[in-house]
Amino acid sequence: MTQDRQLHSDVIILGGGLVGLALAAALDSAGLRSTVVDPADPDTRNGVAFDGRTTAVSSSSMRMFRQIGVLDHLAEPGCPIGAIRVADGLAPGALTFEPGEDGEPLGVMHENRHLRAALLARAEAGPNITLCWKARTAKVVRGDFSGTVRLEDGRTSSAPLIVGAEGRQSPSREAAGIRMARWSYRHTAIVSTLAHERPHEHIAYEIFYPAGPFALLPMNDLADGTYRSALVWSVANDKAAGLLALDETAFAAEAQAAMGGFLGNIRLLTPRSSYPLGFHHAARITDRRLALVGDAAHAIHPIAGQGVNLGFRDAAALAEVLVDGARLGLDLGDAQLLARYQRWRALDAFSVALATDGLTRLYGVPGKAASVVRRLGMGVVDRLGPLKNKLNAAARGNSGDLPKLLLGEAL
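All of the points below concern the structure found in this document. (Residues numbered from 1 in each chain as written. Predicted model: local features only at pLDDT ≥ 70, side-chain atom pairs only at ≥ 80, totals over all residues. Heavy atoms only, no water.)

## Details of the pairing of strand E19 (residues 273–282)
- Pairing of strand E14 (residues 180–196) with E19, which is carried by 10 bridges, proceeds in the antiparallel orientation. Residue pairing in the sheet places Met-180 in a bridge with Ala-282 of E19.
- Here E19 pairs with strand E22 (residues 298–299) via two bridges, running antiparallel. Bridge pairing in E22 links His-281 to His-298. (Pairing = 2+ DSSP bridges. Helix = DSSP H or I, 4+ residues; strand = E, 2+ residues; numbered from the N terminus.)

Set out below in structure tokens:
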């Protein structure tokens, strides 16, 4: 951590989470300087106690991590997702997505603590990255010619562009007066890691119930050979309280019943945690000398595992726009550059948000008739190659106009 009182860089990134650090690494790989400001202590973020969750990193995001050097710092390689099976309850007729002819997995499951540690190590190794941890912002000024951030400890940082990467409650977004579309699903996601009797064979399961989706995501076996998967169980708020109040044995029995026992007996490996499920989408993701990325710009239901990958797409697109601008000698806070970022990301992010919201509502319709219609629909998708391929590409993060980093190309 630098102790300079005056910091100058090309970009100031407010927020040192997964997306903020990914953006810093992407910029560093092309020689652009960034200052990352975050009030957290990174030493407290690396344990299961802080975050026991997992992330399904899409194939395109993995290409970016390889290109910008993040994979060089991963403690373990993660668990490839070889197939995704989608089912309406425990009825037969699941829809299965598999890798394409290139053999690239649909995604890779990483524990958040490993992913965060790798991104932090990559940032610390970056010669063009200044990390300001345990640093609180006192004042942010976005002027006509530059942006300036004054920290509570007296340091100031200036740059042509400020990036808001502070998460769902982004102060940068609120200060810019950016309107939000938002609503609550009145559901809670319960997450944990399960040990199970039978191998998962690198298959991710998404089981839809009217009460909420039940997802099992494959993880690497433990050193002693224990099979394990990550659980993301979305349930109504009133039911969540009861499930969280159960002891581990009783909760495992409930989860085993919900999954139909196809992986045999299960037990919990990590404490349960939970978080409320909601949707929000910013009316715009730029303002004067400001760009939003990740949850500061949009947050969606975890139904398709696309949330953080949308943030990584933001980071890849913004990095490419800024690098292109720098090569042309443009002011990196120029309104035309920010307009390009806005156009590039607006349609993709909104399309994914609508799709996940629609799936959430579709599978939440109760009744046998609705279930029959859903199963028929999955059967049609399974038989229509072009439609299934399109959905498969979306799951891998390969849809739309991809930035160079998501194609595995250098900036």
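## Details of the sheet that holds strand E1 (residues 6–8)
- Strand order in the open sheet made by the four strands is E1-E12-E11-E10, with mixed pairing throughout. Of all strands in the sheet, those with a lone pairing partner are E1 and strand E10 (137–142), marking the two edges. For this sheet, the mean angle separating the axes of adjacent strands, direction not counted, is 15°. (Axes fitted to C-alpha atoms, helices over the stretch in contact; angles between N-to-C directions.)

## Focus on the packing of helix H2 (residues 59–67) against helix H7 (residues 307–327)
- With their axes 10 Å apart at the nearest point, H2 and H7 run at an angle of 45° to one another. Between H2 and H7, the angle is such that the two are oblique. The crossing of H2 and H7 is left-handed. For the pair H2 and H7, contact is made by Ser-60, Ser-61, Met-64 and Phe-65 and by Asn-309, Phe-312, Arg-313 and Ala-316, respectively.
- Along the lines of polarity and charge, the residues of the contact of H2 with H7 split into four nonpolar, three polar and one charged. (Parallel < 35°, antiparallel > 145°, perpendicular 65-115°, else oblique. Left-handed = near helix turned anticlockwise from the far one by under 90°. Contact = heavy atoms within 4.5 Å. Nonpolar A, V, L, I, M, F, W, Y, C, P; charged D, E, K, R; others polar.)

## Looking at the packing of aromatic side chains
- Tallied over the full model, the rule gives four aromatic pairs.
- Both rings, one in Phe-65 and one in Phe-312, keep their centres 5.0 Å apart while their planes meet at 75°; by these two values the pair is edge-to-face. Here Phe-65 is found in helix H2, whereas its partner Phe-312 is found in helix H7, with 247 residues between them in sequence.
- Under the relative-accessibility criterion, Phe-65 is labelled buried at 0%.
- The class for Phe-312 is buried, based on a relative accessible area of 0%.
- Geometrically, the ring pair formed by Trp-233 and Phe-251 is tilted, given 5.8 Å between the ring centres and 55° between the ring planes. Note that Trp-233 is positioned in strand E17 (residues 227–236) and Phe-251 in helix H6 (residues 248–258), a separation of 18 residues in sequence. (Phe/Tyr/Trp six-rings, centres within 6.5 Å; stacked < 30°, edge-to-face > 60°. Buried < 20%, exposed > 50% of the residue type's maximum accessible area, 1.4 Å probe, protein only.)

## Quick notes on the pattern of salt bridges
- A full pass over the atoms with the stated rule returns 16 salt bridges.
- Of the charged contacts in the structure, one is a salt bridge between Asp-144 and Arg-288, with a shortest N-O distance of 2.9 Å. Placement of Asp-144 in the loop between E10 and strand E11 (147–151) and of Arg-288 in the loop between strand E20 (286–287) and strand E21 (290–292) is noted, with a sequence separation of 144 residues between them.
- The closest approach of N and O atoms between Glu-174 and Arg-173, which form a salt bridge, is 3.0 Å. (Salt bridge = Lys/Arg side-chain N within 4 Å of Asp/Glu carboxyl O.)

## Overview of unusual backbone geometry
- A positive phi angle, close to 55°, is found at Glu-201, a residue other than glycine.
- Its place among the elements puts Glu-201 in the loop between E14 and strand E15 (203–209).
- With a phi close to 65°, His-202 is a non-glycine residue in the positive phi region.

## What about the environment of Leu-338?
- As for its placement among the helices and strands, Leu-338 is situated in helix H8 (residues 335–362).
- C-alpha of Leu-338 to C-alpha of Ile-285: the two residues are 53 residues apart in sequence and 8.9 Å apart in space.
- Setting aside residues up to four positions removed in sequence, Leu-338 forms contacts with Leu-161, Thr-286, Asp-287, Arg-289, Leu-290, Ala-291 and Gly-333.

## Brief notes about the packing of helix H1 (residues 18–29) against H7
- Contact geometry for H1 and H7: axes closest at 9 Å, N-to-C directions at 30°. Viewed along their axes, H1 and H7 adopt a mutual orientation that is roughly parallel. Judged by the sense of rotation from one axis to the other, the crossing of H1 with H7 is right-handed. Side by side, H1 and H7 meet where Leu-18, Val-19, Ala-22, Leu-23, Ala-26 and Leu-27 of the first sit next to Val-308, Gly-311, Phe-312, Ala-315, Leu-318, Ala-319 and Leu-322 of the second.

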